[in-house]
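# A closer look at the structure
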Amino acid sequence: VRIGRAMRFDPRDVLAAVEEHRVTTLMMVPAMYALALQALARKSTDLSRVRFCISGGGPLPPALAEAWQGTTGLPLLNDSNSCKDILLRNFFSDD
């Protein structure tokens, strides 16, 4: 599920899409993960299909990574490169 630049980020919509479309990989900037954590505190979401949570596009505060894993049980992986190239570099690389 892609959220285009023209759309406004709403963590409730993203989490609903994760459930509905059985998303397996989340790629967001740290601020989006922080907002998603706040939304998860208000309403539980089935994240059982999610295998990878990748943060990019800005510094990932260790406290956010710990809070994400504590809440979801999923490690939040930090990638210092932009979110645009994470998929290509990490999942289609021969290395």
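Below, the structure is looked at part by part. (Residues numbered from 1 in each chain as written. Predicted model: local features only at pLDDT ≥ 70, side-chain atom pairs only at ≥ 80, totals over all residues. Heavy atoms only, no water.)

## Quick look at the packing of helix α1 (residues 11-21) against helix α2 (residues 30-42)
Keep this limit in mind: To define axes, lines are fitted to C-alpha atoms, for helices over the stretch in contact only, and angles between the resulting N-to-C directions are given on a 0 to 180 degree scale. Comment: elements are numbered from the N terminus, with helices defined as DSSP H or I runs of at least four residues and strands as E runs of at least two. Orientation labels follow simple angle bins: below 35 degrees gives roughly parallel, above 145 gives roughly antiparallel, 65 to 115 gives roughly perpendicular, and whatever is left gives oblique. Residue contacts are defined here by distance: any two heavy atoms, one from each residue, within 4.5 Å place the two residues in contact. Residues were grouped as follows: Ala, Val, Leu, Ile, Met, Phe, Trp, Tyr, Cys and Pro as nonpolar; Asp, Glu, Lys and Arg as charged; and all remaining residues, including Gly, as polar.
α2 packs onto α1 with a crossing angle of 75° between their chain directions and a minimal axis gap of 9 Å. The pairing of α1 with α2 is recorded here as roughly perpendicular in orientation. Residues P11, R12 and L15 of α1 lie in contact with α2, whose contacting residues are L35, A36, A39 and L40. For the contact of α1 with α2, the per-class residue count stands at 6 nonpolar, no polar and 1 charged.

## A look at the packing of aromatic side chains
To be explicit about the condition: Classification of ring pairs rests on two measures: the distance between centres of Phe, Tyr or Trp rings, Trp counted by its six-membered ring, which must be within 6.5 Å, and the angle between planes, read as stacked under 30 degrees, edge-to-face over 60 and tilted in between. The buried label goes to any residue with under 20% of its type's maximum accessible area, the exposed label to any with over 50%, and the partly exposed label to all in between, with areas taken from a 1.4 Å probe on protein chains only.
Counted according to the given criterion, the structure contains 1 aromatic pair. Between the aromatic rings of Y33 and W68, the centroid separation amounts to 4.9 Å while the plane-to-plane angle is 80°, which identifies the pairing as edge-to-face. Of this pair, Y33 sits in helix α2 while W68 sits in helix α3 (residues 62-72), and the two are 35 residues apart along the sequence. In this pair, the class of Y33 matches that of W68, namely buried.

## Overview of α1
Convention followed: Arc, as used here, means the arc of the directions from the helix axis to the C-beta atoms.
Of all the positions in α1, only P11, V14, L15, A17 and V18 are classed as buried. The buried residues of α1 occupy one face: seen down the axis, they fall within an arc of 155°. Away from its buried face, by an angle of more than 90 degrees, α1 presents the exposed residues R12, D13 and E20.

## Looking at the sheet that holds strand β2 (residues 52-55)
Definition in use: The pairing criterion is simple: DSSP has to find at least two bridges between the two strands.
Judged by pairing direction, the sheet is parallel, and its 3 strands sit side by side in the order β1-β2-β3 without closing on themselves. Two strands close off the open sheet at either side, each with one partner strand: β1 (25-28) and β3 (76-78). Strand after strand, the sheet turns through a mean of 25° between neighbouring axes, direction not considered. Bridging between β2 and β3 involves 3 bridges; their strand directions are parallel. Residue pairing for β3: C53 is matched across the bridge by L76. Taken strand by strand, α2 contacts β1, β2 and β3, and its axis lies near 120° from that of β1.

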